[in-house]
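What follows is the residue order along each chain.
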Amino acid sequence: MAKERIKDDDYIGPLRRLLTAVVILVLTVLLLIWRIDSPRVERLRAQITDTVVPSFDILMTPLNATVNLFRDFQSYQRVVQQNQELRRELQQMKAWKEAALQLEQENARLLDLNKVRLDPRLTHVTGVVMADSGSPFRQSVLLNVGARDGLMDGWATMDGIGLVGRISGVGQNTSRVVLLTDSASRIPAIIQPSGQRALVQGDNSPAPPISFVENRDIVRPGDRVVSAGDGGVFPAGLLIGQVAQDPGGRLRVRLAADYERLEFLRVLRSHGTEVITDPGALIVPQDSPGLRQPGASAAEAKQ
Amino acid sequence: MIVQSGLRLWGMRAGYLGFGLVVILVHLMPGTFMPARLPAPDFIMALTFAWATRRPEYVPSIAIACVVVLADFLFQRPPGLWAALVVSGAAFLKTRGRFLRDLPFWVEWLNVAIIMLALHLGYRLVSSLLMIPQAPLSLTIVQVSGTIMIYPLVVVLSYAATGLRKSTPGELDPTGHRQ
């Protein structure tokens, strides 16, 4: 067996061995040439790289695509997790955004309230909201200012931006503000710029509906709603909000005041509207006894 | 007796070259540009040795030289040195394969491991003789141990992929010679 093998190897073995030896020799010579004349062989290397690597491109593209596919797959696996993380972060961001907005509004409000002058002739009294109605069916807040501060029933109450409600019930140190959203609230209003007169009726919803519009066709969503001086309830021109249309086609007011956060409210002193009682006396002198008392006018308006 | 067709022989030779190219390709692929902490094992050497032990006719010295010298050129190694070493290691294994086929796998593995270590040693020796800058010893050790570790895997995979196994006594090679 062994002899046979050796006999077989006689044909092919030496040739192979010779070939192998030649190959090794050639490679060694290549190494030596490289060591001796490095720049030439390095140029050769550059040429080989230049020829081979671009031709690899054809193969490399699908391979790269496959690798990218797997990488994408890995990232797809993490997509749900990433999504959750992003959601959490978004939530935090929202909270921060909300905080920023609130701070901005509060800042604006406080800046506005800083104009408070402690003068009996001042135009508004600022109070802090102590409590709300405590009932889901009554929309009112309690202020920490009352008769002690000269408040009277019927005076308008605003936050820094828009009308909030009116005083209804004054205690010695507190007063209740019936909000515009309360179902008992009826505020005469003017829709700008069309000048339509209307009534803002609270109905326990965040956006009170507008009723008794004279001509609905010229009222568009987005119009400004301001208070009217009708009935001597409110000073005219206080911003209430903007007209909006609900899905049922009913006009409503999107209130300008920030009802989410009623914190500081200012009560506008209203010294009553001058009322013409007799045809002859067009202009009533300031100190005349014919001047109606504000409390009386408010009581009248409430009826 | 199983007579292998010439087609299979040339197919396997082409397969060897193709595998070598693919390995080079994968190494060249623009994946990460960070320096690798663990150098990849030398798949070309593992495959060459596995095939040289089993079917010497599939890995002629010229094919080995072509693949490894191309790798030398493309991987910025001193050209020819590693190729010459791998070719001589494969040639040695080709002569030993006949005896190794009757022995358990771990003997073959040990043989291959010793040859790989010897080749790396020779590489470092020649490099230092020719004053060629060398890779850090620790990385070389990691690489050679990795290559030794993947050797059984390469054997199993080449058996699974191409049905490559040790020749049995009395089997004829495609040229009609007894193995």
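Side note on helix 3 (residues 61–74) of chain B
All names here are of chain B. In a regular helix each residue adds 1.5 Å, so 14 residues correspond to 20 Å; helix 3 covers 20 Å between its end C-alpha atoms and thus fits that length. Counting buried residues in helix 3 gives eleven out of 14 residues, a clear majority hidden from the surface. Here helix 3 has its buried residues at Ser61, Ala63, Ile64, Ala65, Val67, Val68, Val69, Leu70, Ala71, Asp72 and Phe73. At the C-terminal side of helix 3, Gln76 shows a positive phi close to 60°.

With respect to the packing of helix 2 (residues 38–77) of chain A against helix 3 of chain B
Geometrically, a packed helix pair is captured by the angle between its two axes and the distance between the axes. Between helix 2 of chain A and helix 3 of chain B, the shortest axis-to-axis distance is 9 Å and the interhelical angle comes to 105°. By the criterion of interaxial angle, the relationship of helix 2 of chain A to helix 3 of chain B is roughly perpendicular. Contacts between helix 2 of chain A and helix 3 of chain B involve A:Arg45, A:Ile48, A:Thr49 and A:Val52 from the first element and B:Leu70, B:Phe73 and B:Leu74 from the second. Partitioning the contact of helix 2 of chain A with helix 3 of chain B into residue classes produces five nonpolar, one polar and one charged.

Quick look at the confidence of the model for chain A
All names here are of chain A. Counting all residues, the mean pLDDT for chain A is 78, and 80% of those residues have values of 70 or more. Counting contacts from residues 1–10, a segment whose pLDDT is below 50, to residues more than four positions away or on other chains yields three contacts. Predicted confidence is poor over residues 117–122, with pLDDT under 50, and the contacts of this stretch with residues over four places away or in other chains come to one contact.

What to know about the pairing of strand 11 (residues 251–255) of chain A
All names here are of chain A. With four of five residues buried, strand 11 is to be regarded as a mostly interior element. Relative to strand 11, strand 10 (residues 239–245) is paired through five bridges, and the arrangement is antiparallel. Counterpart to Gln242 in the pairing with strand 11 is Arg254. The turn linking strand 10 back onto strand 11 is made up of five residues, and Gly249 within it adopts a positive phi angle of 90°.

Considering the interface of chain A and chain B
Each partner contributes to the interface: chain A provides 25 residues, whereas chain B provides 24 residues. Contributions of two or more residues to the side of chain A that touches chain B are made by helix 1 (2–36) and helix 2 of chain A. Sorting elements by how many residues they give to the side of chain A that touches chain B places helix 1 of chain A first, with 13 residues. Its residues assigned to classes, the side of chain A that touches chain B comprises 17 nonpolar, four polar and four charged.

What about the confidence of the model for chain B?
Mean pLDDT over chain B stands at 81; residues scoring 70 or higher make up 85%. We note a pTM of 0.50 for the whole complex and an ipTM of 0.83 for its interfaces.

What to know about the environment of A:Ile218
Residues and elements named next belong to chain A. With respect to the secondary-structure elements, Ile218 resides in the loop between strand 8 (210–211) and strand 9 (224–227). Residue class for Ile218 comes out partly exposed when judged on the 13 C-beta atoms lying within 10 Å of it. Placed 27 residues apart in sequence, Ile218 and Ile191 show a C-alpha to C-alpha distance of 9.8 Å.

Notes on the nonpolar core
Nonpolar side chains in soluble globular proteins tend to end up buried together. With 50 residues, the main nonpolar core has A:Leu27, B:Ile64, B:Val68, B:Ala83, B:Val86, B:Val87 and B:Ala90 as its most contacted residues. Elements supplying a minimum of two residues to this core: helix 1 of chain A together with helix 1 (6–28), helix 2 (43–54), helix 3, helix 4 (81–100), helix 5 (105–129) and helix 6 (137–162) of chain B. Ranked by the residues each element gives to this core, the list is headed by helix 4 of chain B, at ten residues. For B:Ala83, the residues in contact, after removing those within four places along its chain, are A:Leu27, B:Ala65, B:Val68, B:Val69 and B:Asp72. Formed by 38 residues, the second largest nonpolar core is a distinct cluster that contains A:Val225, A:Ala228, A:Leu238 and A:Leu265.

Rules and cut-offs
- Within any chain, residue numbers begin from 1 and follow the written order of that chain's sequence.
- Whichever chain is written first becomes A and whichever ligand is written first becomes 1, with later ones labelled in order.
- Totals for whole chains, interfaces and linings use all residues, but because this is a predicted model, local features are given only for residues with pLDDT of at least 70 and pairs of side-chain atoms are given and counted only at 80 or more.
- Secondary structure follows DSSP: runs of H or I at least 4 residues long count as helices, runs of E at least 2 residues long count as strands, and numbering of each begins at the N terminus.
- Any helix carries an expected span of 1.5 Å times its number of residues minus one.
- We call a residue exposed when 12 or fewer other C-beta atoms sit within 10 Å of its C-beta, buried when the count reaches 20 or more, and partly exposed for counts in between; the C-beta positions come from the backbone.
- A fitted line through C-alpha atoms represents every axis, and for helices the fit uses only the stretch in contact; the resulting angles, taken between N-to-C directions, go from 0 to 180 degrees.
- Oblique is the label for every angle not falling under 35 degrees (roughly parallel), over 145 degrees (roughly antiparallel), or within 65 to 115 degrees (roughly perpendicular).
- Here the contact rule is simple: place C-beta atoms from the backbone, and any two residues whose C-beta atoms are within 7 Å are in contact.
- The classification used treats Ala, Val, Leu, Ile, Met, Phe, Trp, Tyr, Cys and Pro as nonpolar, Asp, Glu, Lys and Arg as charged, and all other residues, Gly among them, as polar.
- Think of pLDDT as the predictor's per-residue confidence, scored from 0 to 100.
- Two strands pair if DSSP finds at least two bridges between them.
- A set of buried Ala, Val, Leu, Ile, Met, Phe, Trp, Tyr and Cys residues, joined to one another through C-beta atoms within 7 Å, is what we call a nonpolar core.

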